[in-house]
Number of protein chains: 2
Amino acid sequence: MRIELLTIGDELLLGDTINGNAAWMGQRLAEHGVEVTRSVVVGDELDVIIEAVHEALGRAEAVITTGGLGPTYDDLTRDALAKAAGVPLRRDPTLEKRLRDRVEAARRPLAPMALRMADVPEGASLLGNTVGSAPGLRVELPGGVVYALPGVPFEMRTIMTEVVIPELIEDSGLHEVARRTLRTAGVWESVIATSLAEVEALDQIKLAYLPSSGEVKIRITATGPDAEQRLAAAEDRARALLGDAVYGAGDDTLDRAVHRLLAERGRTVAVAESLTGGLIGAELTAMPGSSATYAGGVVTYATELKHRLLGVPDDLLREHGAVHPDVAAAMAAGVRDRLGASYGLAVTGVAGPESQDGRRVGTVYISVAGPEDEPKVFNPRLPVPGVGGEIRGVIRRMTVVHALELLRRAILGLDVEHAAREAEEDREEKG
Amino acid sequence: MRIELLTIGDELLLGDTINGNAAWMGQRLAEHGVEVTRSVVVGDELDVIIEAVHEALGRAEAVITTGGLGPTYDDLTRDALAKAAGVPLRRDPTLEKRLRDRVEAARRPLAPMALRMADVPEGASLLGNTVGSAPGLRVELPGGVVYALPGVPFEMRTIMTEVVIPELIEDSGLHEVARRTLRTAGVWESVIATSLAEVEALDQIKLAYLPSSGEVKIRITATGPDAEQRLAAAEDRARALLGDAVYGAGDDTLDRAVHRLLAERGRTVAVAESLTGGLIGAELTAMPGSSATYAGGVVTYATELKHRLLGVPDDLLREHGAVHPDVAAAMAAGVRDRLGASYGLAVTGVAGPESQDGRRVGTVYISVAGPEDEPKVFNPRLPVPGVGGEIRGVIRRMTVVHALELLRRAILGLDVEHAAREAEEDREEKG
């Protein structure tokens, strides 16, 4: 079954909104074995929308549109679908009542244009919107079916999950695609791809590598008969080959993996940041309930605060500056002790775009101080893009990933020897 | 001049990558008065790419493609353009030498497929890529011109800025569109739109409102003769009507506005966060050189740390819990004094999804302690979406924006009386 996406709205063409809806829909559909074959964006113009719907149904069996179902006069998807189907729009009394009730409950005056959201092309079925005003629509056209969903991401996602995806799966019947994503951090894509050569060679198994900011996701896809069983076998083999580099699967994230490991052991972590300015703390508090395992943190951006708030020795800072393996180690131990956590995690480094104290951009030292051991220090040797205004953001995001991965490995007691040795060399080299 | 975008890659259809390239291109082109009329995404399939190029040139005078210029065998844009033009691919000796030199400089073996990046459709011109391996291509087809750019965002942006946009502006000749964006934070879209009714009524002036997480950008577009002068007049009027709600224009961001104001006054800020977990610090360190005005911060996620690290009185925390106006004020004064900054900015609140200490989700107190005054406390009264897993992220992002806006207003000595009064009511209501 071929499906095309049609996202509607001037703001998408003008780039004021990034097309996250199309990405989300593509991802969810792929997970269910339904492949999007084309994705088109058009502006708020009636004729263009009608034309794009017809074109899409000339190639695919179904089209999912988002956008253009709101109250204002540039919301034209209802009108376009009625015209494409050659039917009039009718005002649905139940929808109208619901809209009037909502406005009344909010004690606000009714804008007449709001009632446009109760207009439905004759013969269309409604896709219940349990979280917003405008319902989704399902319209049968000669070439296939159109699902029209609101552009508000939260509403679109709800209707996709509750109505559209179940219906598509039922209609398509083809279920023999199975997918699974394994997640790694801190390992190069080429290293992973080399390790997985024998999995890649398996029949009707495809691997895709999705790198971003120090993480690499590996998507394994099995097609054909017994896809689920063969996927499971391929996953087992991949896990065996990758060993402890795999921190999770599916929607699992590195911060969740870390919280889980800490919770299982009744441990907590505190974080001392400099170049990341709070990003590690933000990541560790993204998940509800993180207060059980994350105590708090300190952002010692000014060098002098590394001494005042964390007890990093003054002479160390004077002699080596803020970017040094021993400073990272002292920050990690300091934040652990002063915040009373089991683990201290610390980063210090140069985010750029200018070098600092003679250290090149991308020089980063990460340290974990555990409940028992001496602090370990790690230099992730970040690859640095040659130039450009985005370098600072890239270095900061990669630092967050490497820091959480180092913490994960430290909690599990996994090897960080190699990394520690590199930091030792840095100490000697850079004095 | 009509332009269409064609972004190429399975990863876009599968939603593994969000189409930030299309958004960026749409935005830059619109800024230069060139409008994108359609944006299409296709996968890595030769025939589909050729078909999509022909379709686009049937509607528009120029097509810009991104993606499919890399070394691997699913990079098919070069081949597609050669086929579409009916010409062979030729290996360019200068490009080949450059690729061999790069590989040698990195002391890595040459993968034979890498040389594919030196293949060029006969008759195409090269668009120099000063920052990566694959050049962009300019191919003339009967229906119009195709600019093919790499999918790596940084490389695409460089070639767009250095080559494609200047060429398009020269070709199109039409310059009579002028645009400007004003930026506000902490004011509702409907309030802004109501204030600007008279600007909206001006001839050949269009306003667009772009809300996100507590900020609203207002894009003013002037078309027709003397667009620049009329835009300037409309902007002046809008600024007069909006008053101190406008914090900046164009690419300016709230964190930059705050840094600028602090720098002008020789002041610094320190931040105490709880529900935002470090996001405010991360925002305030996003910009290079922020260490001149941002000292550092403390993330007191565990309630007990608010006392230990910031000196918030124990009995206050015992009596009212962590989410209270007086706690916010004590945190702000504490972080200012302990980190030795001119201003202390503090937030405490409930990010959800569960309520806390009897406070509903979205209850947030923001406080600024200035160099002279008593701390001001502000309750932004965040609107809370009814349900859903994204609520936590939404509340956290809105808190960051409101906190920076409160700091901006405090530095400027602008009215926060109303806000302070609301916090006072909260004190009385919630005890």
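Just so it is clear, the model here is predicted, and its values are computed rather than measured. (Residues numbered from 1 in each chain as written. Chains lettered and ligands numbered in written order. Predicted model: local features only at pLDDT ≥ 70, side-chain atom pairs only at ≥ 80, totals over all residues.)

**Notes on the pairing of strand 14 (residues 294–300) of chain A**
Okay, step 1: The buried fraction of strand 14 of chain A is high, at seven of seven residues.
Okay, step 2: Bridge analysis of strand 13 (residues 269–273) of chain A against strand 14 of chain A gives five bridges, and the strand direction is parallel. Across the sheet, residue Glu273 of chain A finds its bridge partner in strand 14 of chain A, namely Val299 of chain A.
Okay, step 3: A crossover links strand 13 of chain A with its parallel partner strand 14 of chain A, the connecting element being helix 11 (residues 279–284) of chain A, and its sense is right-handed.
Okay, step 4: As defined by bridge partners, strand 14 of chain A adjoins strand 14 (residues 294–299) of chain B across four bridges and the pair is classed as antiparallel. Bridging from a neighbouring strand, Gly297 of chain A pairs with Val299 of chain B of strand 14 of chain B. (Buried ≥ 20, exposed ≤ 12 C-beta atoms within 10 Å, placed from the backbone. Helix = DSSP H or I, 4+ residues; strand = E, 2+ residues; numbered from the N terminus. Pairing = 2+ DSSP bridges. Right-handed = clockwise from strand over helix to strand, strands pointing away.)

**A word on the interface of chain A and chain B**
A common way to state how big an interface is: give the accessible area lost once the parts meet.
Okay, step 1: Taken together, the contacts link 53 residues of chain A with 53 residues of chain B.
Okay, step 2: For the side of chain A that touches chain B, the leading source of residues is helix 2 (residues 20–31) of chain A, giving eight residues.
Okay, step 3: Here the side of chain A that touches chain B is built from residues that sort into 31 nonpolar, 17 polar and five charged. (Contact = placed C-beta atoms within 7 Å. Nonpolar A, V, L, I, M, F, W, Y, C, P; charged D, E, K, R; others polar.)

**Quick word on the sheet that holds strand 11 (residues 215–223) of chain B**
All names here are of chain B.
Okay, step 1: An order of 10-11-9-12 is seen for the four strands of this open sheet, with the pairing classed as antiparallel. Strands with a single pairing partner mark the edges of an open sheet, and in this sheet they are strand 10 (205–212) and strand 12 (246–249). Neighbour-to-neighbour, the strand axes of this sheet turn through a mean angle of 25°, independent of strand direction.
Okay, step 2: Its contacts with the sheet put helix 9 (residues 227–242) on strand 9 (177–185), strand 10, strand 11 and strand 12, and the angle it makes with strand 11 is roughly 150°. (Axes fitted to C-alpha atoms, helices over the stretch in contact; angles between N-to-C directions.)

**What about helix 14 (residues 325–339) of chain A?**
Residue and element names in this part refer to chain A.
Okay, step 1: Relative to the 21 Å expected for 15 residues at 1.5 Å per residue, helix 14 spans 21 Å between its end C-alpha atoms, a close match to the ideal helical length.
Okay, step 2: Within helix 14, 12 of the 15 residues are buried, which leaves the element mostly enclosed by the surrounding structure.
Okay, step 3: Taken as a whole, helix 14 has its buried residues at Pro325, Val327, Ala328, Ala329, Ala330, Met331, Ala332, Ala333, Gly334, Val335, Arg336 and Leu339.
Okay, step 4: Phi turns positive, to about 65°, at Gly340, one or two residues after helix 14. (Expected span 1.5 Å × (residues − 1).)

**Structural notes on the sheet that holds strand 13 of chain A**
The strands making up a sheet associate through backbone hydrogen bonding, with each pair oriented either parallel or antiparallel.
Okay, step 1: One open sheet holds the 10 strands; their spatial order is 17(A)-16(A)-15(A)-13(A)-14(A)-14(B)-13(B)-15(B)-16(B)-17(B), and the pairing between them is mixed. This sheet does not close on itself; its edge strands, each paired only once, are strand 17 (376–378) of chain A together with strand 17 (376–378) of chain B. Strand-to-strand, the axes of this sheet are offset by a mean angle of 15°, without reference to chain direction.
Okay, step 2: Pairing geometry for strand 13 (residues 269–273) of chain B and strand 15 (residues 343–349) of chain B, over four bridges, is parallel. Looking at strand 15 of chain B, one finds that Ala272 of chain B is bridged to Ala346 of chain B.
Okay, step 3: Contacts between helix 14 (residues 325–339) of chain B and the sheet are confined to strand 13, strand 14, strand 15, strand 16 (364–369) and strand 17 of chain B, with strand 15 of chain B contributing the most and set at about 145° to the helix.
Okay, step 4: In the packing of helix 15 (residues 391–412) of chain B onto the sheet, the strands contacted are strand 13, strand 15, strand 16 and strand 17 of chain B, and the crossing angle to strand 16 of chain B comes to about 30°.

**As for the domain arrangement of chain A**
All names here are of chain A.
Okay, step 1: One can read the domain layout of chain A as domain 1 (2–172), domain 2 (177–249) and domain 3 (254–430).
Okay, step 2: Each of domain 2 and domain 3 was reduced to a C-alpha centroid, and the two centroids are 29 Å apart.
Okay, step 3: Listed as interface residues are eight residues of domain 2 and, on the opposing side, 11 residues of domain 3.
Okay, step 4: Here the side of domain 2 that touches domain 3 is built from residues that sort into two nonpolar, four polar and two charged. (Domains from an automatic or database assignment.)

**With respect to the relation of the copies chain A and chain B**
Okay, step 1: Mapping chain A onto chain B calls for a rotation angle of 180° and an axial translation of 0.1 Å; the resulting RMSD is 0.1 Å. Expressed as an axis order, the relation between the two copies is that of a two-fold axis.
Okay, step 2: Interface overlap between copies is the fraction of interface residues in one copy that are interface residues in the other; for chain A against chain B it reaches 100%, indicating a shared surface. (Least-squares fit on C-alpha atoms with pLDDT ≥ 70 in both.)

**What to know about the pairing of strand 10 (residues 205–212) of chain A**
Okay, step 1: Looking at chain direction, strand 10 of chain A and strand 11 (residues 215–223) of chain A are connected through eight bridges and run antiparallel. The residue bridging Ser212 of chain A from the neighbouring strand is Glu215 of chain A, located in strand 11 of chain A.

**Here we look at unusual backbone geometry**
Okay, step 1: Residue Pro353 of chain A follows Gly352 of chain A across a cis peptide bond; omega there is 5°.
Okay, step 2: Tracing the chain through its elements places Pro353 of chain A in the loop between strand 15 (343–349) and strand 16 (364–369).
Okay, step 3: The backbone phi angle of Gln204 of chain B is positive, close to 55°, even though this residue is not glycine.
Okay, step 4: Here Gln204 of chain B lies in the loop between helix 8 (197–200) and strand 10.

**Focus on helix 4 (residues 77–85) of chain A**
Okay, step 1: Here helix 4 of chain A has its buried residues at Thr77, Arg78, Ala80, Leu81, Ala82 and Ala84 of chain A.
Okay, step 2: With its phi angle positive at about 70°, Gly86 of chain A sits one or two positions after the end of helix 4 of chain A.

**Describing the environment of Thr348 of chain A**
Okay, step 1: Looking at where Thr348 of chain A falls in the secondary structure, it is placed in strand 15.
Okay, step 2: Using a count of 31 C-beta atoms within 10 Å as the deciding quantity, one classes Thr348 of chain A as buried.

**Points about the nonpolar core**
Okay, step 1: Among the nonpolar cores identified, the biggest contains 150 residues, and Ala332 and Leu407 of chain A together with Ala332 and Leu407 of chain B are the most heavily contacted of them.
Okay, step 2: Not counting the four nearest positions on each side in its chain, Leu407 of chain B is found in contact with Val258, Val269, Tyr343, Leu345 and Val368 of chain B.
Okay, step 3: Formed by 99 residues, the second largest nonpolar core is a distinct cluster that contains Ala84 and Val139 of chain A together with Val34 and Met156 of chain B. (Core = buried A, V, L, I, M, F, W, Y, C linked by C-beta atoms within 7 Å.)

**Focus: the environment of Thr37 of chain A**
Okay, step 1: Mapped onto the secondary structure, Thr37 of chain A falls in strand 2 (residues 35–42).
Okay, step 2: Counting along the chain gives 16 residues from Thr37 of chain A to Val53 of chain A, while the straight-line C-alpha distance between them is 14 Å.

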